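Tertiary structure, described
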Amino acid sequence: MQNLAISASDLSKKYDSGMAVAHANFEVPRGKVCGFVGPNGAGKTTTIRMLLGLISPTGGSAQILGESIDNPEKYLPRVGAMIEGPAFYPALSGAENLRVLATLGGFPQDRVQELLVKVGLGDRGKSKFKTYSLGMKQRLGIAAALLPNPELLILDEPTNGLDPEGIQEIRQLLRTLADNGTTVFVSSHLLSELELISDYLVMLRKGEVVFAGPIQELFLQQQPFILAQGTTTADLEKIVEIARADGHKGTIRDGVAHIEGPQEWAGVLNKKAFEAGITLTQLAPQLPNLEETFFEMTGEKK
Amino acid sequence: MIRIIKAEWRKLRRPTLLLGTLGAVVFFSGLVSSLLFLLLDSPQGNGDRGVVITREMLSLPTGATQAFSSVGGLLGIIALCVFAAQTAQEYTYGTLRNILVRQPGRVRVLAGKLVAMKLFAILMVVISAVVSIGISFALAGGKDVSTELWFNGDGQAAIGRTFINVLISVICFGVVGMVLGLLLRSPISAISIGVLWLLIIENIVGAVKSSTLNWLPGSQFSTIAAGGSESISYTHALSLSAAYVFVGSLIAVVLFTRRDVAN
């Protein structure tokens, strides 16, 4: 338990309309970046709100930094969070908004400017929040979450509205925080970004946890595949036939044959394609990436 | 608790809110006080709803605060709007979740917000008192109203008493605003319903059946500011207002502590 930042056991939330989160069980070790993924309406934000004591679970329990979520005052001073987008007072400046939160949490006021600089808003702190672009609002939200110098940082879609450079900066920031011992629990729709920074992953589907564990473990559970391309469409069909004849599943997608099979079988395919008079223009063994795995596991359409 | 009060005060002191509200306080206090003296000999009356307040009445030790106590109801409406907006905006902006992540003690948050807004109400009442008494004093000479008794022992006691009464009244109005803000979670709805009830519905109901005014909340709060009236005693208004505020606060605390923060 000491090494866990988050531990959920049968955590559930039921609304009149149905189960938003159903018996969620997962653990997040300290000092890691944990991606939290799932389609819209899967229960990610509800889970995050329960972890932060904003809504009461209807079943199960959870612990944050070793404390029960029934006593949020015991762990929230060590937690930073941005839930469902940045929410601030439009008529106050960015800096003043942070000062309100710093005052509430009893954090030093000089952290405000330090954090504004850290998230790239050093020169816009005095501007009113309502004049900020979506990306700037997002940066301010991240600065607010960092106010307590948190042991656990919970971020819901932190890269929404950021440009590619901003996304890269946030990715680096989160990685640095994790390397310095902060646990980062981050939900995002940018699966490729999550894949780059996450050590752990929790995947939700219709309120249920479909995977929770190290991200590499997830990929190992997935079937590797080989991408192959010939010079004509007829070649692709022949490639798929060769695969099927050898007991491998094969489909044609976007002008490329996708063959389920291990890396080693690529050599066999190459040889058999040559024997069948096919010139392969592409032959690439691949492991599924997070996006493909996500679609596979959640049943979402690409 | 102190941290919550300080944080709330940071929001309350923003120039648009502070200057706007205090501007309204100065305007209404000045208007009511000026009309009281400028319409002194008018056959239509110079007080609330055509009531005639004579030169002799204004020369009493309570003369300095006559206008100030009349403005109490308007100050109450301003307080209702401020309290309702400050409470409901946390829902509309979604900032309540930030507050509760930083301060999970919900009763403490509510109490801290209320204390900060009460401080704001004190500021409003102080400014209103200064403006109202100042204008009354300035206009009294020109209208042959004696101010001899205004600042003697009795006069000072009357000023102190009226200040407390107006403040209690304003805070009662404010608490109603806060409860409406929590119930409706929208500043526009909370302010509209509050103002509609206090300014229009209570007056219509009172006009149809005057005895209802003995029980309606807005009427009680205004009566406290006036220090009692012919039809409603000060004690009755005070105890009934306390009951309204207690029940309202209870509803607010139960809702605020038990309701999920889902927006």
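Residues numbered from 1 in each chain as written. Chains lettered and ligands numbered in written order. Predicted model: local features only at pLDDT ≥ 70, side-chain atom pairs only at ≥ 80, totals over all residues. Heavy atoms only, no water.

Details of the sheet that holds strand β12 (residues 250–253) of chain A
All names here are of chain A. The test is simple: Two strands qualify as a pair provided that DSSP identifies no fewer than 2 bridges between them. Going along the chain from the N terminus, every DSSP run of H or I of four or more residues is numbered as a helix, and every run of E of two or more is numbered as a strand. Axis lines are fitted to C-alpha atoms, over the contacting stretch for helices. Their N-to-C directions set the angle, which ranges from 0 to 180 degrees. In what follows, residue pairs with any heavy atoms lying within 4.5 Å of each other are defined as contacts.
In space, the 4 strands of this open sheet follow the order β12-β13-β11-β14, with antiparallel pairing throughout. Looking along the sheet, the strands with just one partner apiece sit at the ends: β12 and β14 (282–286). Each strand of the sheet is rotated relative to its neighbour by a mean of 20°, with strand direction disregarded. Against the sheet, helix α9 (residues 233–245) touches β11 (225–229), β12 and β13 (256–260), its axis set at about 5° to β13.

Digging into the layout of surface pockets
In plain terms, the rule: As defined here, a cavity is a set of points on a 1 Å grid over the protein atoms alone where a 1.4 Å probe fits but cannot get out. A pocket is an open set with protein on both sides within 12 Å along at least five of seven lines, and residues line them when an atom is within 4 Å of a point. Grid points are joined across faces, edges and corners, and a volume is the space filled by probe spheres set on the points.
Empty space within the largest pocket amounts to approximately 1600 Å³. In this structure, the largest pocket is lined by 49 residues; those nearest its centre are Asp48, Arg49, Ser70, Ser222 and Ala226 of chain B.

Quick look at the nonpolar core
Residue and element names in this part refer to chain A. Under the convention used in this document: Nonpolar cores were defined as sets of buried Ala, Val, Leu, Ile, Met, Phe, Trp, Tyr and Cys residues, with membership established by side-chain atoms within 4.5 Å. Summary of the burial criterion: residues with accessible area below 20% of their type's maximum are buried, those above 50% are exposed, and those between are partly exposed, where the area comes from a 1.4 Å probe applied to protein chains only.
The biggest cluster of nonpolar side chains holds 132 residues, and the ones touching the most others in it are Leu52 and Phe185. Not counting residues within four places of it along the chain, the set of residues in contact with phenylalanine 185 comprises Ile6, Phe26, Val28, Cys34, Phe36, Ile48, Leu51, Leu152, Leu153, Ile154, Leu155 and Val202. Ranked by size, the runner-up nonpolar core spans 14 residues in total, among them Ile226, Ile239, Ile242 and Ala273.

Quick word on unusual backbone geometry
Phi at histidine 23 of chain A takes a positive value of approximately 50°, unusual for a residue other than glycine. Locating histidine 23 of chain A in the fold gives a position in strand β2 (residues 18–29).

Observations regarding helix α9 (residues 187–208) of chain B
Residues and elements named next belong to chain B. Using the following cut-off: What a helix should span is 1.5 Å times the count of its residues minus one. A residue's bend is the angle separating two fitted axes: one through the seven residues that end there, the other through the seven that start there.
Taking 1.5 Å per residue as the helical rise, α9 with its 22 residues ought to reach 32 Å, and the 30 Å between its terminal C-alpha atoms agrees with that figure. Approximately 40° is the largest bend angle found in α9, and it occurs at tryptophan 197. For α9, the full list of buried residues reads Pro187, Ala190, Gly194, Leu198, Glu202 and Gly206. Against α5 (72–92), α8 (153–184) and α10 (217–226) lie the buried residues of α9.

Digging into the pairing of β13 of chain A
All names here are of chain A. Most of β13 sits out of view: 4 of its 5 residues are buried. For β11 and β13, the ladder comprises 4 bridges, and the chain directions are antiparallel. Among the inter-strand pairings, isoleucine 226 is bridged to a residue of β13, identified as isoleucine 259. Here 4 bridges tie β12 to β13, and the two strands are oriented antiparallel to one another. The residue bridging arginine 253 from the neighbouring strand is valine 256, located in β13. As consecutive antiparallel partners, β12 and β13 are separated by 2 residues, and within that stretch aspartate 254 has a phi angle of approximately 55°, a positive value.

Structural notes on the environment of histidine 236 of chain B
Residues and elements named next belong to chain B. When you line up the elements, histidine 236 lands in helix α11 (residues 234–258). Of the residues examined, histidine 236 reaches a relative accessible area of 24% and is grouped as partly exposed. Remark: the alpha-carbon pair of histidine 236 and glycine 177, spanning 59 residues in sequence, is separated by 22 Å. When residues no more than four places from it in sequence are discounted, the contact partners of histidine 236 are Asn214, Trp215 and Gln220.

Brief notes about the environment of phenylalanine 294 of chain A
Residues and elements named next belong to chain A. The residue phenylalanine 294 is located in helix α11 (residues 290–298) in this model. On the basis of relative accessibility, which here comes to 7%, the residue phenylalanine 294 falls in the buried class. Sequence separation of phenylalanine 294 and glutamate 114 is 180 residues, and the distance between their C-alpha atoms is 37 Å.

A short note on the pairing of strand β4 (residues 59–64) of chain A
Residue and element names in this part refer to chain A. In terms of strand pairing, strand β1 (residues 4–15) meets β4 through 5 bridges, oriented antiparallel. Of the residues in β4, the one forming a bridge with serine 9 is serine 61. The pairing of β4 with strand β5 (residues 67–68) spans 2 bridges and is classified as antiparallel. Bridging across to β5, glutamine 63 finds its partner in serine 68. What sits between β4 and β5 in their antiparallel hairpin is a turn of 2 residues, with leucine 65 showing a positive phi close to 50°.

Thoughts on the domain arrangement of chain A
How we decide: Either an automatic procedure or a domain database provided the assignment from which the domain bounds are taken.
Domain parsing of chain A yields domain 1 (4–219) and domain 2 (225–286). Distance between the C-alpha centres of domain 1 of chain A and domain 2 of chain A: 43 Å.

Description of empty space enclosed by the protein
Convention followed: For this scheme, ten residues count as nonpolar: Ala, Val, Leu, Ile, Met, Phe, Trp, Tyr, Cys and Pro. Four count as charged, namely Asp, Glu, Lys and Arg, and the remainder, Gly too, count as polar.
Inspection of the entire model under this criterion finds 4 cavities of 30 Å³ or more. Of the voids in this model, the largest cavity is the one considered here, and its volume is about 80 Å³. Forming the walls of the largest cavity are Ala81, Ile83, Leu101, Ala144, Ala145 and Leu147 of chain A together with Arg97, Asn98, Val101 and Arg102 of chain B. Those elements giving two or more residues to the lining of the largest cavity turn out to be α5 (134–146) of chain A together with α6 (96–102) of chain B. In terms of residues, the lining of the largest cavity owes the most to one element, α6 of chain B, which gives 4 residues. Classifying every residue of the lining of the largest cavity gives 7 nonpolar, 1 polar and 2 charged. Here the second largest cavity defines a volume of roughly 70 Å³. Among the elements of the structure, α6 (164–179) and α7 (191–197) of chain A are those that each provide at least two residues to the lining of the second largest cavity.

Some details on the confidence of the model for chain A
Our working rule: By definition, pLDDT measures how confident the predictor is in each residue, and it falls between 0 and 100.
Confidence in the prediction of chain A, expressed as mean pLDDT, is 85, and 97% of residues score 70 or more. Mean pLDDT values for the elements of chain A range from 71 in α11 of chain A up to 93 in helix α3 (residues 94–105) of chain A.

Let's talk about the interface of chain B and chain A
As a reminder of what qualifies: Using a 1.4 Å probe, buried area is obtained as the accessible area two parts lose upon being combined, added over both of them. Basic side-chain nitrogens of Lys or Arg form a salt bridge, by our definition, when they fall within 4 Å of a carboxyl oxygen of Asp or Glu. We define a polar contact as two N or O atoms separated by no more than 3.5 Å, with the added condition that, inside protein, one atom must be a possible hydrogen donor and the other a possible acceptor, whereas residues neighbouring each other in sequence contribute only through side-chain atom pairs.
Across the boundary between the two partners, chain B contributes 26 residues, which contact 35 residues of chain A. For the pairing of chain B and chain A, the buried interface totals around 2600 Å² over both sides, and the portion due to carbon and sulfur atoms is 60%. When the area that chain B buries against chain A is broken down by residue, the three leading residues are Arg10, Arg97 and Arg102 of chain B, summing to 30%. At the boundary of chain B with chain A, the tally comes to 3 salt bridges. Between arginine 13 of chain B and glutamate 96 of chain A there is a salt bridge, with the nearest N and O atoms lying 3.5 Å from each other. Inspection of the chain B/chain A interface yields 18 residue pairs in polar contact (both at pLDDT 80 or more). Elements that contribute at least two residues to the side of chain B that touches chain A include exactly α1 (2–12), α5 and α6 of chain B.

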